[in-house]
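# A closer look at the structure
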Amino acid sequence: MESAPAAGGAPEVLLRLFVTGGSQRSLRAIEAVEGMCKEFLGKAVRLEVVDVSEAPDQAEHEKILATPTLIRQVPSPPRRLVGDLCEPERVIQLLGLKEYVRPRRAE
Amino acid sequence: MSSSRELKRLKTYIPGFDLISNGGLPAGRTTLVSGGPGSAKTILAGQFLAEGIKHANQAGCFVTFEEKPDDIRRNLSSLGWEIAKWEAEGKWVFVDGSLHPKDEPVTIGDYDLGGLMARIDNAVRKTGAKRVSLDSIGAMLIQFGRPTVIRRELYRVAWQLRDMNVTSIITAEHAGHAEAPVEEYVTDNVIILRNTLEDEKRRRTLEILKFRGASHLRGEFPFTISEDSGIILLPLSSIELRQKSSDKRITSGIAELDNMCGGGFYRDSVVLISGATGTGKTLTATGFLAALGQDERGLLFAFEESRDQLYRNALGWGVDFPKLEGAGRLRIVCEYPEVAAPEDHLLRIKKHIEEFQPTRVAVDSLSALERIATPRTFREFVLALTSYLKDKQIAGLFTSTTPSLLGGSTVTEAHISSVTDSIILLRYVEAFGEMRRGIAVLKMRGSQHDRSIREYTIDSQGMHVGEPFRSISGILSGAFTHSTSSELQTLEHLFDRTDAEDA
């Protein structure tokens, strides 16, 4: 379950999105984040989607309380956002991803 | 007992709680525990799990939002709970919902607590937990800052816990006397913890506000936190009147007093000795303990005098306390009332009784404990002690000091006279320019007794009871009239004791 895969090697940016099964909020968040990656970010960004009901141990490890939660895992230190994340520009800003935004984007 | 429509209960094994809740928490449901800061919410949440592990081998899951699991493990271990060991055995599991301040999440848009639910579900599945505690909502609200969302989500958490067939506790902050927080409308079952300052004394209480579809006792019940076992509720008023009563008599240590009582005290009765200072209360207690039968043991709680003083007094009346102690037949516990709260005194007294297994217990004096308690707490203390003694079929003798030399009653008596089985009054009597002493049996439950007021004297052999005062009335009120006075005067003086004394 990933989009914009970086071919082999460690990606420059790793985002992990924790969602709950097929809830409306989660579907909205997946759509929003995938859309954001496609539209704004380059191949340097890898996105992993984790369903907490299928991978509770991973949720435990990351101490996830709320879903959807988006974590910028790489580069460290990690940063977290909670919510349905439907404002891509704010997400990019809050996760500090401005430098990865594709240059073709109109200013 | 309980009707078939009543909810099933889960016995908590928290001392006293199952009694006031008529059998425990509603099984498979969520109960909200609401309380102010320092009201022992976290202890209750932890104890709910600990008692389940200790007494019913039920695993538990502790979800913490405020403190780190490390801190909780350490803090609660000081109450004697081996949390680390239980964790290793798979009986206790933490779900850590606490956050580093720098981790504070930024929210964009709507969210739910799906992560939390998945983790609780996972932990419960892995350990087979039957009990879950969540501590506390307040910390969650601060983390996410969106009360409406959190409340909606907690409602869902409660439903999910119900589906998982676990019995759970969620704690919440309750600021003072403000109206009930919204959380209270969300759960069917609400318990309030209070930690209040009453007449300069700390008082902890637990109240079951509601259990939907399940009965429970109403009102606030005081509790104490014992250093080695946590919360202990003192469900005082609930244990009255269930004692079996014995018709076996024992001697009071004074033959004439036995006669006045119709043949001695009952073996499982509690007697109150009331009198002003110097009327012989400690002597009566001493005699009571010295009159131990063959297989009897006596326990004396002295709140007014030191051990040396007690020894000396007793020896003055021909009773050798050190010898009785040496023979293992007597234990004397001397304490200042001020060293502990009434609840703690009660615990200590019970502990001594458990250890020593006495057949007679004397408390000299009960009124000394009144100094450290509010009237309500004091009454509860006396009730609890009395019930406990009767339950154990121990003969109890409490002394109570009246503040005025002549006549009078104390708050002590007003509070506890209905609780004790017998009341014996020791009074000064002014007769023709002389101070004499009179003894009367005011009440003797379940038996005939001498209704006269008799004169008594005290010498090196102890107390001697003589003839009734024939020509003096008004002794109990302290407003004496001699036989020449008219009935009318007596009646008048009955109700203006203080004036009569001042006159």
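Here, every reference points to the structure presented above.
What counts, and at which threshold
- Throughout, a residue's number is its position along its own chain's written sequence, starting from 1.
- Numbering of ligands from 1 and lettering of chains from A proceed in the order in which they are written.
- Where totals are concerned, whole chains, interfaces and linings use all residues; where local detail is concerned, this predicted model gives features only for residues with pLDDT of at least 70, and gives and counts side-chain atom pairs only at 80 or more.
- Excluding hydrogens and water, the side-chain values take into account all heavy atoms of the structure.
- The secondary structure listing takes helices from DSSP runs of H or I that are at least 4 residues long and strands from runs of E that are at least 2 residues long, numbered from the N terminus.
- Type-normalised accessible area, obtained with a 1.4 Å probe on protein chains alone, sets the label of each residue: buried when under 20%, exposed when over 50%, and partly exposed for intermediate values.
- Contacts were defined at the residue level, with two residues in contact if any of their heavy atoms lie within 4.5 Å.
- Note on areas: Shrake-Rupley, 1.4 Å probe, and residue coverage restricted to the protein chains presented here.
- Throughout, the protein atoms alone are placed on a 1 Å grid, and a set of points is a cavity if a 1.4 Å probe fits but cannot get out or a pocket if it is open with protein on both sides within 12 Å along at least five of seven lines; lining residues have an atom within 4 Å of a point.
- Grid points are joined across faces, edges and corners, and a volume is the space filled by probe spheres set on the points.
- A pair of strands is labelled paired if DSSP reports no fewer than 2 bridges between them.
- All axes here are fitted lines through C-alpha atoms, helices being fitted over the stretch that makes contact, and every angle between N-to-C directions spans 0 to 180 degrees.
- Expected span of a helix, by definition, is 1.5 Å for each gap between consecutive residues, and there is one gap fewer than residues.

## A word on the overall build of chain B
- Along chain B, the regular secondary structure elements total 18 helices and 25 strands.
- Counting every position in chain B, which comprises 503 residues, the buried fraction comes to 55%.
- Across chain B, the fraction of contacts at a sequence separation of at least 24, relative to all contacts at a separation of at least 6, is 68%.
- Summed over its atoms, the accessible surface of chain B is roughly 21900 Å², and 50% of this surface lies on carbon and sulfur atoms.

## So, empty space enclosed by the protein
- All told, the structure shown has 5 cavities of 30 Å³ or more when counted by the stated rule.
- If you add up the space inside the largest cavity, you get close to 80 Å³.
- If you go around the largest cavity, the residues you meet are K63, I64, L65, A66, T69, R80 and V82 of chain A together with L99, P105 and F144 of chain B.

## Considerations on the sheet that holds strand 15 (residues 270-275) of chain B
All names here are of chain B.
- What the 9 strands build is an open sheet, ordered 17-16-18-19-15-20-21-22-23; its pairing is mixed. Of all the strands in the sheet, the pair left with one neighbour each is strand 17 (330-334) and strand 23 (462-468). Adjacent strand axes in the sheet meet at a mean angle of 20 degrees, parallel and antiparallel pairs treated alike.
- Taken together, the 5 bridges between strand 15 and strand 20 (residues 422-431) define a ladder with parallel strand orientation. Directly across from V271, in strand 20, lies its bridge partner S422.
- Packing against the sheet, helix 15 (residues 375-391) makes contact with strand 15, strand 18 (360-364) and strand 19 (395-401), and its axis sits at approximately 155 degrees to strand 19.

## Comments concerning helix 2 (residues 41-56) of chain B
Residues and elements named next belong to chain B.
- The terminal C-alpha atoms of helix 2 lie 22 Å apart, and with 16 residues this matches the ideal 22 Å at 1.5 Å per residue to within 8%.
- The buried count for helix 2 comes to 13 of 16 residues, which makes it a mostly enclosed element.
- Taken from the residues just after helix 2, N57 is the one with a positive phi, measuring 50 degrees.

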